[in-house]
Structures are given as structure tokens and as C-alpha cells.
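Now for the letters of each chain:
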Amino acid sequence: MKSYYDIVGDGGSKIVEQVVEQRERIARSLSAVRHRVAVGSGKGGVGKSTLTSEIARALRRRGLGVAILDADLNGPSQARLAGVAAAPLVPGPDGGLCMSRSADGIGVVSVGSLVPESQAVEFDSVVGGDSHIWRATREFAFLGQLLGAVRWGELDFLLIDLPPGAERTYQYAEFLGPDTAFVLVSTPSELARGIVSRSVAALRGTPNRLLGYVENMCGYYCAGCDEVRPLFPESEAPDFGVACFGRVPFDPELARSGGTAAPGTRDLLDGVAARLASAAEQESP
Amino acid sequence: MKFLCVPCDRPMKLEETRSDRGSIALTYGCPDCGYEFAMLTNPMETQVVGSLGVKIGGDAPSAGAKCPFTGVVQELNDSGADDGFPWTPAAEARMANVPEFVKPMVKTGIEKFARDGGHARVDEQVLDKAKGFFGMD
């Protein structure tokens, strides 16, 4: 009797072929993107999204073509940060989805511009409840469809803003494929550093490049006295075994929609972007 | 998943699909002896496979108008969200390549733009106007 592996195809369902086709569609869509960099942490609340947005701006200031994919479907923030929360994705004449752009020319694809903030991000289902069983699969499939449907065009950098969760970081590495490099965001808190260490360990088990990390919230910028004040107790720099791209203070101005970083913060962000761009170039396969 | 006709040692071929309240009926037949059987899914099985964003039955005629997995899910979604805002065939054609999971969110956003702009329907001019309004390439 024939075994599973003796039979070519699946009799007409074509599930495997469709999954392969999905991946090919994503590859075609991203074919003119030079560097894909996922910005993760594992820890929530460390400022990944704001930092992703600011790094994109800093890369843009270097004259580079940049877009952001907001992969945090349940806590999307990139549309608001970029000021494009009201901009839908629009199909062009070729059927590809045109992405909105921020005032400084950064392409942004975020569920935040597709689902109003007054609504939860829901996916339709033929079963009542039990979304814990299928929701993660659905979210990855949705992201895959989005990646393949958007007309990204020629880009130097596509930054992918990841949701929290060390194990999710690993899943996104598998999902995005080995050509996607990672940058992790930590803070000077021991709690955050411990979780980022888990993400570093998780990524060590993948073929993906971990370019480095950024330590965020290293003090806060006080506009009143124009200096950086301490936010966390003094501690030694962490040893994640990867390059540190910079230590950036919390800048309250960036918490405002459309806020602009103070000159000192912006200089630090420019340094982060320069080191990130250099690392991406050097380690590009 | 593959199915084998044991007496003939031949892979079964998908012949027809039907959907009913979240359950999918997939009819397979043996190309040699003609023996047929149907695989009936429960809604959870439908949902799990449908969450992959794939369609089952690419080679098989569907007994209903909807595709078996994403189609069923889409049908339920449409019943709650679609208020019948009209699209011209040309505008609909631009949506043809937009994946099923993404399409409802894209349509909702464009229809809001059209309504806010006082348009009675979505046509290609509205789509191009939206592109221009939001500074898209």
C-alpha cells in the first residue's frame, strides 16, 4: 500500500501549493527591499514602536527609502505615530495595495489605519469562542497576506515593528525568514534585560542575524533644564553578546502624537540609525 | 492530508465541495473504481485550516457559491459588515488580487473615504482620489 510520501499532490485540495504560492508572493513583493529589519524585544512597554518610528525617521534623514510594517496587530501604533491613522490602503491599477506615507516620506502599513481605535481587532470565525486555538495562525496568515499584497517598491529598509513576547520573537524569525535581521530594544531595568536575554537566546536558535540592540529610556530628557535626568538606578551595561547601537533617553515630547525629539535625542537616534545601517550593510549576505 | 483507495492503491481525487454552517463536505472519488466518500469537518477544523489563508478545492467544483474554507468564513464576515455601499465593476476589479483576510479592512477604509467625500459609490476615480489625498505613489 502506498504511503503518504508515495503520493504526489493531495488529490486537489492544493493546500501545500497555496502556502508555497503565498510565500512566493511575499518574496516577489519584497524583492526590491534591500534590508528587512525586525525591531523586537520580548518585553512590552520598552518603547519598541516609538523607537522604530524614530529610527525610520533617522534613516530617512540619511536619504534612505524606508517603510514600516506594524506587525503588532493587537496594539498597532505606527499609523498614529506617523500621522496616517485615517489613511486606508488603496488598490492601485495593478491591484497592489498602495501604502500611505508620513509627512517625511516613510511608508507605513498598520492595522491602526484599517481598524478604528474604538474597535478591537477582530477576525471572523465560524466557531463561537476558542480563538486561542486558531487566532495566532490567523494573525500570521493575515500578516503574510498583507506583506504579499502591498506594493512596497524599492526600499533601503523595511522596519518591522514586532509585538512583545520572547517566544513571539522566535516565531516572527521563522515567519519572516532568514533574510530578516533583528534589532532588540531593552531598558536599564533588570526586568527588561532579563526578558531581552531570553529573546537573544531564542534568536540564537535561528539563522537570522541579530544586528544589535538599543537601550531605551536611559534617563529622561527634561525640557525645562535641557538635560537628561536619571530614570532607573545606575547599573552596569548588559552583556547580550551583541553590539549596542546606542543608549537613548525617554523623551516626553515623543509621547505626543506628531512630537519631535529634542536635538540631543535626535543626535543619539541618528547615531543609532547610522550604526544599524552600517551593521545591515556589513552583514548582508 | 491525502486519501488513498486501499483496494486500488490509488490516491483519491477531490470531486466536490459543499459548505453548511461552518462545516465543509469534501467529496473524494477513486479514479479507478469510482468509489466515493465524503470528509465532513466540524467548524473548529474548518476554522483552523481556514486560518492558514488557503482555499481547499482548487480543482473541484463547489456545490455552493462560496469557496470552502476562506469562503465560508468570509460569508459570515460579510453578513455582518457589508451594508451594500456600491462599487463599480472596474473598482471591484482592482480589489481582485487583494487577499481575502485583508479585503474587508481595505474596503471599509475606502468606503469611509468615499462617504466622507460625499461620493455615492466607489469607482476608479474615487480610488485615485484617495491615493492622491493620502500622498500615495
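Bear in mind the structure is a predicted one, so any value in this text is a computation, not a measurement. (Residues numbered from 1 in each chain as written. Chains lettered and ligands numbered in written order. Predicted model: local features only at pLDDT ≥ 70, side-chain atom pairs only at ≥ 80, totals over all residues.)

A. Just the domain arrangement of chain B, in detail. In terms of domain boundaries, chain B breaks down into domain 1 (1-65) and domain 2 (82-137). Relative to domain 2 of chain B, the C-alpha centre of domain 1 of chain B lies at a distance of 35 Å. (Domains from an automatic or database assignment.)

B. Structural view of the packing of helix 4 (residues 131-149) of chain A against helix 1 (residues 43-50) of chain B. At a minimum axis distance of 8 Å, the contact between helix 4 of chain A and helix 1 of chain B shows a crossing angle of 20°. Considering their axes alone, helix 4 of chain A and helix 1 of chain B lie roughly parallel with respect to each other. Relative to helix 1 of chain B, the crossing made by helix 4 of chain A is left-handed. Along the contact surface, helix 4 of chain A presents A:Ile133, A:Trp134 and A:Thr137, while helix 1 of chain B presents B:Met44, B:Gln47 and B:Val48. Across the contact of helix 4 of chain A with helix 1 of chain B, the residue classes break down as four nonpolar, two polar and no charged. (Axes fitted to C-alpha atoms, helices over the stretch in contact; angles between N-to-C directions. Helix = DSSP H or I, 4+ residues; strand = E, 2+ residues; numbered from the N terminus. Parallel < 35°, antiparallel > 145°, perpendicular 65-115°, else oblique. Left-handed = near helix turned anticlockwise from the far one by under 90°. Contact = placed C-beta atoms within 7 Å. Nonpolar A, V, L, I, M, F, W, Y, C, P; charged D, E, K, R; others polar.)

C. Quick look at the sheet that holds strand 6 (residues 107-109) of chain A. Residue and element names in this part refer to chain A. Across the sheet, eight strands lie side by side as 5-6-2-7-1-8-9-12; this open sheet has mixed pairing. Looking at which strands have only one partner, the edges of the open sheet turn out to be strand 5 (100-101) and strand 12 (244-247). Pairing analysis gives five bridges linking strand 1 (residues 33-40) to strand 8 (residues 180-186), with the strands arranged parallel. For glycine 40, the partnering residue across the bridge sits in strand 8 and is leucine 184. Strand contacts of helix 5 (residues 166-176): strand 1, strand 7 (155-161) and strand 8, with the helix running at about 165° to strand 1, the strand carrying the most contacts. (Pairing = 2+ DSSP bridges.)

D. Representation of the packing of helix 1 (residues 15-29) of chain A against helix 4 of chain A. Residues and elements named next belong to chain A. One can describe the packing of helix 1 onto helix 4 by two numbers: an axis separation of 7 Å at closest approach and a directional angle of 45°. One element, helix 1, and the other, helix 4, form an angle in the oblique class. For the pair helix 1 and helix 4, the sense of crossing is left-handed. Where helix 1 approaches helix 4, its residues Gln22, Arg25, Ile26 and Ser29 are matched on the opposing element by Gly144, Leu147 and Gly148. Grouping the amino acids of the contact of helix 1 with helix 4 by side-chain chemistry returns two nonpolar, four polar and one charged.

E. Focus on the interface of chain B and chain A. Between chain B and chain A, the residue contacts involve 51 residues of the former and 43 residues of the latter. Elements with a contribution of two residues or more to the side of chain B that touches chain A: strand 3 (13-20), helix 1, helix 2 (70-81), helix 4 (103-116) and helix 5 (124-133) of chain B. Class assignment of the residues belonging to the side of chain B that touches chain A gives a composition of 32 nonpolar, 11 polar and eight charged.

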